[in-house]
Amino acid sequence: MVLERYEPLVEDVAAFRAACERPLPSVARVNTIATTVERTRAALDDAGIAHEPVEWHPGLLRLDGTTPGKTWPAFHGWLHGQEEVSALPARVLDPRPGERVFDACAAPGSKTSQLAALMDDRGTLVANDANLGRLSALRFNAERLGITCAAVTNRDARNFSLAPLGFDAFDRALVDAPCSCEGTVRKNPDAREGWSLARVESVAGVQESLLRRAVGATRSGGIVVYATCTFAPEENEAVLDAVLASEDCRLVEFETGLDARPGVTEWEGERFDPSVRQAKRIYPHLNNTGGFFCAKLEVAR
Amino acid sequence: MRGDGASGGADDGGGAEGGRGAGVDRDAGRDNDGQRFDRLPATADERRVEGRATREAVLDWWDERFAIPPERFERFTFWEKGAGKIWIFGDDAPSGVEIEALGLTFLRTRQEHWKPTTDAVQRFGRAASRNVIELDREAARRFAAGEDQAIGWGGDWGYLIAAHGLAGEPEPLGIGLYLHGELRSQIPKGRRRELR
């Protein structure tokens with residue numbers, strides 16, 4: 001089984017294995033563009049839907065067995081189902097109202113809508129996705145959640161051009177890269193099927209190009225966050241290592257409020273830039289979430 | 001708009017493109033391009049594409065129809081992509097930009113009677129104080145499911161904002177077309193839900 005290759009990286013292998021077999025809790029995020037956390041919780045109370053806040057993220061609620069889509073708050077765009085750990089990268093990017101922000105691989109829009117809320121729906125959030133089919137889900141979610149600050153594009157983010165948008169650099173960029181998705185095994189047990197090292201290496205090439213372009217499109221002093229839902233160092237630390245070597249950027253430390261492990265500096269005989277330790281690996285058993293990888297870079301030209 | 005049965009156009013999801021695509025401005029030589037976002041002119045004096053709504057007219061319409069004051073929309077820009085489809089954007093952008101979406105779909109101005117989108121009403125309708133019909137929970141449930149229903153209303157006919165009480169305050173559900181004692185839900189198919 002694929003996940004065994006990561007057991008040397010995990011301290012508590014038994015807990016890791018057990019967590020990967022359990023389904024994920026149902027979690028939803030309050031869309032603060034539409035309403036307040038208090039009002040959403042009151043509406044859930046009125047409907048008899050048990051919920052409890054997630055400690056590290058305001059407005060993220062664990063629901064007691066209820067699918068958020070079938071509730072009045074979801075109909076009104078107050079609530080959006082989102083896996084707990086996937087709420088991390090937007091918080092790390094920390095966009096501000098009025099900024100120009102790039103979401104390079106935006107569909108289906110959970111992180112996009114979270115970015116828009118953090119921006120107080122002010123500024124320009126370029127929500128791009130190369131896949132036209134997935135773009136319709138992104139547009140549907142952005143509309144349902146009442147987002148006015150998103151400009152949706154359908155380009156290959158590896159050579160994204162800012163020219164049509166009328167400005168020459170982003171303040172911040174999120175690369176929530178397509179990946180081999182092993183970390184989503186709890187949501188989708190089939191994530192392991194079709195896994196091959198050749199596929200990992202191929203997707204790593206795409207990830208490197210995506211991150212390279214995002215760094216290039218961000219102003220000096222700006223922030224780029226790189227995130228995946230895979231444990232594979234080939235798609236995580238190795239991608240950072242390659243981009244650090246060729247682009248004007250550096251990794252910076254960040255806090256998450258979640259239990260996390262540092263990025264690994266060695267994997268299968270390869271050594272990576274020691275600063276990749278600033279990145280965070282989140283294993284399913286640490287916080288009862290999906291698996292995740294997240295790194296924060298500062299652009300310095 | 002009392003008694004007007006032709007308000008129709010219940011195509012919140014967007015009907016045929018370019019129904020008025022021949023809205024050519026002979027002076028400027030520009031037409032209404034279905035692939036491009038063009039900024040609404042501020043006023044009729046600045047209009048270069050025939051039939052295009054103006055920012056002023058859009059803000060006046062929300063004010064007159066729902067008593068949402070123009071100040072509510074001060075920080076937003078307004079755009080047309082395709083004939084009569086107006087979008088609202090929370091920033092500025094170059095006019096003519098060719099992308100998939102720029103902000104939120106906001107208003108259809110192709111028909112005689114302008115029609116706001118469900119998403120715009122859920123986003124901005126809380127500020128409305130005119131032509132808002134308050135529904136009880138059962139009527140709200142039917143409205144969210146896309147059903148038409150007989151219901152009393154002493155005000156204007158035409159497009160109304162349907163609202164219901166949620167967590168202690170009224171909350172807009174979407175747009176309903178009120179005609180002949182009946183409220184016809186305009187919630188687009190993809191947004192309809194069977195709720196309790």
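This structure is a prediction, so every number in the text was calculated from the model and none was measured.

Let us now look at the domain arrangement of chain A. All names here are of chain A. In terms of domains, chain A is made up of domain 1 (4-24 + 83-299) and domain 2 (25-82). The centre of domain 1, based on its C-alpha atoms, is set 24 Å off from the matching centre of domain 2. Listed by partner, the interface residues are 25 residues for domain 1 and 19 residues for domain 2. Between domain 1 and domain 2, a total of about 1,800 Å² is buried, with carbon and sulfur atoms accounting for 53% of that surface. It is Glu 84, Arg 144 and Leu 145 that lose the most area in domain 1 upon contact with domain 2, and together they represent 33% of the buried surface on that side. For the interface between domain 1 and domain 2, the tally reads one salt bridge. Here Arg 62 makes a salt bridge to Glu 84, at a shortest N to O gap of 3.2 Å. For the pair domain 1 and domain 2, the interface holds 13 residue pairs in polar contact (both at pLDDT 80 or more). Elements with a contribution of two residues or more to the side of domain 1 that touches domain 2: α4 (88-93), α5 (110-118) and α6 (132-144).

Residues and elements named next belong to chain A. With antiparallel pairing, four strands are arranged side by side in an open sheet as β2-β3-β1-β4. The sheet is open, and its two borders are formed by β2 (51-53) and β4 (79-81), each paired with just one other strand. Neighbouring strand axes in the sheet, compared pairwise and without regard to direction, differ in orientation by 35° on average. This element, helix α2 (residues 37-46), spans β1 (26-30), β2, β3 (60-63) and β4 of the sheet and lies at about 160° to β2. Here α5 sits on the sheet in contact with β1 and β4, set at roughly 35° to β1.

Quick look at helix α1 (residues 13-21) of chain A now. Side chains of residues three or four places apart in an α-helix project in the same direction, reflecting 3.6 residues per turn. Residue and element names in this part refer to chain A. Buried residues of α1: Phe 16, Ala 19 and Cys 20, and no others. Across the axial projection of α1, the buried residues extend over an arc of 100°, all falling on one side. Across α1 from its buried face, at more than 90 degrees, point the exposed residues Ala 14 and Glu 21. Residues of α1 that are buried in the fold lie against α9 (284-287).

Another aspect to go through is the sheet that holds strand β11 (residues 182-185) of chain B. Residue and element names in this part refer to chain B. What the five strands build is an open sheet, ordered β7-β9-β10-β11-β8; its pairing is mixed. Either end of the sheet is taken by a strand with one partner, and the two such strands are β7 (132-135) and β8 (148-150). For this sheet, the mean angle separating the axes of adjacent strands, direction not counted, is 40°. Strand direction decides the pairing type here: β7 and strand β9 (residues 158-166), joined by four bridges, are parallel. Bridging from a neighbouring strand, Leu 135 pairs with His 164 of β9. In this fold helix α1 (residues 55-66) packs onto β9 and β10 (169-179), with an angle of close to 65° to the strand it touches most, β9.

Before going further, it helps to examine helix α8 (residues 237-246) of chain A. All names here are of chain A. Listed as buried for α8 are Glu 237, Val 239, Leu 240, Val 243 and Leu 244. The buried residues of α8 all sit within an arc of 155° when viewed along its axis, so they share a single face. Looking at the buried residues of α8, the elements they touch are α7 (197-216), β9 (218-228), β10 (249-252), β14 (280-282) and β15 (292-299).

Once that is clear, we can look at the interface of chain B and chain A. Residue-level contacts link 41 residues of chain B with 40 residues of chain A. Taken together, both faces of the contact between chain B and chain A bury some 3,100 Å²; the carbon and sulfur share is 54%. On the surface where chain B and chain A come into contact, there are two salt bridges. With its nearest N and O atoms 3.1 Å apart, the salt bridge here joins Arg 39 of chain A to Glu 171 of chain B. Listing elements by their share of the side of chain B that touches chain A, those giving two or more residues are β3 (85-89), β4 (101-102), β5 (104-108), α2 (118-124), α3 (137-144), β9 and β10 of chain B. For the side of chain B that touches chain A, the element with the highest residue contribution is β10 of chain B, accounting for five residues. The residue makeup of the side of chain B that touches chain A, split by class, is 20 nonpolar, six polar and 15 charged. Across two bridges, strand β7 (residues 150-153) of chain A lies against β4 of chain B in antiparallel orientation. Within the sheet, the bridge partner assigned to Val 152 of chain A lies in β4 of chain B and is Ala 101 of chain B.

The subject of this paragraph is the environment of Arg 22 of chain A. All names here are of chain A. Along the chain, Arg 22 turns up in the loop between α1 and β1. Residue classification places Arg 22 among the partly exposed positions, given a relative accessible area of 40%. Spatially, the C-alpha atom of Arg 22 lies 9.8 Å from that of Pro 189, the residues being 167 residues apart in sequence.

Here is what the cut-offs are and how they apply
Residues numbered from 1 in each chain as written. Chains lettered and ligands numbered in written order. Predicted model: local features only at pLDDT ≥ 70, side-chain atom pairs only at ≥ 80, totals over all residues. Heavy atoms only, no water. Domains from an automatic or database assignment. Contact = heavy atoms within 4.5 Å. Buried area = accessible area lost by both parts, 1.4 Å probe. Salt bridge = Lys/Arg side-chain N within 4 Å of Asp/Glu carboxyl O. Polar contact = N/O pair within 3.5 Å; in protein donor to acceptor, adjacent residues only side chain to side chain. Helix = DSSP H or I, 4+ residues; strand = E, 2+ residues; numbered from the N terminus. Pairing = 2+ DSSP bridges. Axes fitted to C-alpha atoms, helices over the stretch in contact; angles between N-to-C directions. Buried < 20%, exposed > 50% of the residue type's maximum accessible area, 1.4 Å probe, protein only. Arc of directions from axis to C-beta. Nonpolar A, V, L, I, M, F, W, Y, C, P; charged D, E, K, R; others polar.

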